[in-house]
Amino acid sequence: MQQISKLQANMIAVLFMVSIAIKHPPVPMILAARQDAWMGYIVAGIAVLLPLWLMDAVQRRFPAVPLIEAMLSRRPWIGRGVLLLYGFVFFFTIAHDIRFLVSLVNIYLLPSTPMVVLASTAVFTAVWFVKSGIVVIARASIVLCPLFVILVFLLPALLTGQARLEFLSPVLERPLGVAEASFYAFGHFAELMLMPLLFAQRTFRLADIFPGIAVGIAVTTIMILGELVLFGPDLSTMFWDPPYELIRQLRLTDFLDRLDMPIAAAWIPTVLLKIGITLYFLCQVASVLVPTVNAKSAAAPIGIFALVCVVWFFDSAVQLGESTESRPFLFGTFAFVVPLVLFALLWPKRSARAAP
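Here the structure is a predicted model, which means the values were calculated and not measured. (Residues numbered from 1 in each chain as written. Predicted model: local features only at pLDDT ≥ 70, side-chain atom pairs only at ≥ 80, totals over all residues. Heavy atoms only, no water.)

Caption draft 1: Structural detail: the overall build of the protein chain. Helix and strand counts for the protein chain stand at 16 helices and zero strands. Seen along its three principal axes, the alpha-carbon backbone of the protein chain occupies a region of about 80 × 45 × 35 Å. Relative to its 356 residues, the protein chain shows a buried fraction of 55%. A sequence separation of at least 24 residues applies to 84% of the contacts in the protein chain between residues at least 6 apart. (Helix = DSSP H or I, 4+ residues; strand = E, 2+ residues; numbered from the N terminus. Buried < 20%, exposed > 50% of the residue type's maximum accessible area, 1.4 Å probe, protein only. Contact = heavy atoms within 4.5 Å.)

Laid out in structure tokens, this is it:
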């Protein structure tokens, strides 16, 4: 399997933590924790380190191969079962991401364009990414992801004149609400569990992707803080997409009052890259479960099936927000239970005793 650099691994971690996680969780997080919702991303980012550490510990036993190959070589039937379960989970994720991207573009940017055209364009782009290989996707992430991150880091300076810090007090009014908000954020951060399955240990080391995880936490925290200090906890929960409403308020002069366009143009490629990486993983799972299937050739059929399931799984854009509440139960199970099972089953074999 193709290998990527540590910088590329960090950019992929940022993609999975930022692209969708800044969009859906803020509303239920703010409903749960009110002005303390920003703490939820920080707690969730710390919590996700535990299952990642477990997966990293398992991977250290097989440093030369991805965890997918290690599972199949040691426990073929259990390995195929785990991969099948992960395939179902991330297939739901790719359908969710396509539906959300299409809904946002259709509502805010291209209301006259049929949704099937937008969804087909997104799937075609993801299929093209998969056929190009994971290295091409990783290189693209180095170009596109930092642009969006830099724009987010500039938000506090652009919001200085409009921010009202009194919206953030009192602090820790609802400690249990912070725990609930962290639960919602964890449902998205747990998608990082895809990385140890996809990359070998020399590419994926937990210590090496700490910078990417830190950047992901910082970006999501800055975005939700911006929403809180600009709109307050009451008004923020009235929007379908609070981050987009936030960037619509940015203006430098009377001639530069539509900064939402360049920021949206920087965000959309990050979602397409995330969809492409998820589709790449699904193709690898298909090629492992059915050895006669070529991973690159499977990209188009799986992509088309995902396109069909976009409408099947989500009748309306409202269901996308509702899925945020159930998502942590799904990903929480796979984030904690599966690594514990693999940690126990893939125990190193005892070396044979030397003959006297």
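Resuming the write-up.
Caption draft 2: Broad picture of the state of the cysteines. The full count for this structure, using the stated rule, is zero disulfides. For the unlinked cysteine Cys309, the closest cysteine sulfur is that of Cys283, found at 14 Å. (Disulfide = S-S within 2.5 Å.)

Caption draft 3: Inspection of the environment of Phe183 at higher detail. Residue placement: Phe183 occurs in helix H10 (residues 175–189). Along the sequence, Phe183 and Thr324 sit 141 residues apart, while their C-alpha atoms lie 10.0 Å from each other. In this structure Phe183 touches Pro328 and Phe329, once residues within four positions along its chain are discounted.

Caption draft 4: Quick look at H10. The first and last C-alpha atoms of H10 sit 21 Å apart over 15 residues, in line with the 21 Å expected at 1.5 Å per residue. Buried within H10 we find Gly177, Val178, Ala181, Ser182, Tyr184, Ala185, Phe186, Gly187, His188 and Phe189. (Expected span 1.5 Å × (residues − 1).)

Caption draft 5: View of the pattern of salt bridges. Counted according to the given criterion, the structure contains eight salt bridges. Note that Arg327 is salt-bridged to Glu191, the shortest N-O span being 2.1 Å. Taken together, the residues span a long stretch of sequence, with Arg327 in helix H16 (residues 318–345) and Glu191 in the loop between H10 and helix H11 (194–198) at a distance of 136 residues. Three or more residues are tied together by salt bridges with common partners; here these are Asp97, Glu191, Lys274 and Arg327. (Salt bridge = Lys/Arg side-chain N within 4 Å of Asp/Glu carboxyl O.)

Caption draft 6: Expanded view of unusual backbone geometry. Omega for the bond connecting Ser169 with Pro170 falls within 30 degrees of zero, at 0 degrees, which places this linkage in the cis form. Residue position: Pro170 is located in the loop between helix H9 (155–158) and H10. At Arg34, a residue that is not glycine, the phi angle is positive and equals roughly 55 degrees. By the element assignment, Arg34 lies in the loop between helix H2 (26–33) and helix H3 (38–47). Although it is not a glycine, Leu172 adopts a positive phi angle of roughly 55 degrees.

Caption draft 7: A look at the side chain of Ser19. Relative to the elements of secondary structure, Ser19 occurs in the loop between helix H1 (6–18) and H2. On the accessibility criterion, Ser19 (1% relative accessible area) is buried. One polar contact links the side chain of Ser19 to the main-chain carbonyl oxygen of Leu15, over a distance of 2.7 Å. In this view, Ser19 contacts Val14, Trp267, Thr270, Val271 and Lys274; residues no more than four positions away in its chain are not counted. (Polar contact = N/O pair within 3.5 Å; in protein donor to acceptor, adjacent residues only side chain to side chain.)

Geometric values such as these leave the question of function open.
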